[in-house]
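# Per-entry structural report
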Amino acid sequence: MSTENPVSPIPAKTGSPDHHAELAFTAERELGAFLAAVRQGFSSEAASRAGDYWLEAFEAADQPTNQTHPDWRRITIAAASRLATQELRKPCVSK
């Protein structure tokens, strides 16, 4: 993954305020896209659970020391997998 700031063509130095802002920006973008997809495909309640799962996956993620950015996609996949498992465990309701 690139170390470039999506707003600036100059790479942000790891640990700098710009780097932290870049991490927040990219995390927000990834999480927002994930929640929007869950809300559209399932419900607002499922999106709320998905947000919790995403944050838990982020907290549990092992960050390689040579990587300047967390692997947001890996975090999203872990949260989506957990959400899918929970959704599959729900009883089917026939109308």
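Located above this text is the structure these notes cover.
In this report, the structure presented in the accompanying data block is examined. (Residues numbered from 1 in each chain as written. Predicted model: local features only at pLDDT ≥ 70, side-chain atom pairs only at ≥ 80, totals over all residues. Heavy atoms only, no water.)

### Digging into helix H3 (residues 72–89)
An α-helix turns once every 3.6 residues. As a result, residues three or four positions apart point the same way. Quick reminder of the rule: Helix and strand definitions here come from DSSP, where helices need a minimum of 4 consecutive H or I residues and strands a minimum of 2 consecutive E residues; each element is numbered from the N-terminal end. Expected span, for any helix, means 1.5 Å times one less than how many residues it has. Exposed residues in this analysis have more than 50% of their type's maximum accessible area, buried residues have under 20%, and partly exposed residues fall in between, with area computed by a 1.4 Å probe over protein chains only. When we speak of the arc, we mean the arc of directions from the helix axis to the C-beta atoms. Should any heavy atoms of two residues lie within 4.5 Å, those residues are counted as being in contact.
Taking 1.5 Å per residue, 18 residues should reach 26 Å; H3 reaches 26 Å between its end C-alpha atoms and fits that length. Within H3, the full set of buried residues consists of Trp-72, Ile-75, Thr-76, Ala-79, Leu-83 and Glu-87. Axial view of H3: buried residues confined to an arc of 105°, hence all on one face. Facing away from the buried side of H3 by over 90 degrees, the exposed positions are Arg-73, Arg-74, Ile-77, Leu-88 and Arg-89. Buried-residue contacts for H3 involve helix H1 (17–41) and helix H2 (44–60).

### Considerations on the nonpolar core
Note the threshold: Throughout this description, the term nonpolar core refers to a set of buried Ala, Val, Leu, Ile, Met, Phe, Trp, Tyr and Cys residues connected via side-chain atoms within 4.5 Å.
Core analysis: the biggest nonpolar cluster contains 16 residues, and Phe-34, Val-38, Ala-50, Trp-54, Trp-72 and Leu-83 have the highest contact counts within it. The residues contacting Val-38, other than those within four sequence positions of it, are Ser-43, Ala-46, Ala-47, Ala-50 and Leu-83.

### Quick word on the side chain of Glu-30
As a reminder, the rule being used: Any N or O atom pair separated by 3.5 Å or less is treated as a polar contact, with the protein-specific requirement of one donor-capable and one acceptor-capable atom, and with residues adjacent in sequence counted only for side-chain atom pairs.
Its place among the elements puts Glu-30 in helix H1. Look at Glu-30 and you get buried, because its relative accessible area is 12%. There is a polar contact of 2.9 Å between the side chain of Glu-30 and the side chain of Thr-76.

### Structural notes on the side chain of Thr-26
As for its position among the elements, Thr-26 is in helix H1. At a separation of 2.9 Å, a polar atom in the side chain of Thr-26 contacts the side chain of Trp-72.

Spatial relationships are all this shows, so hold off on functional conclusions.
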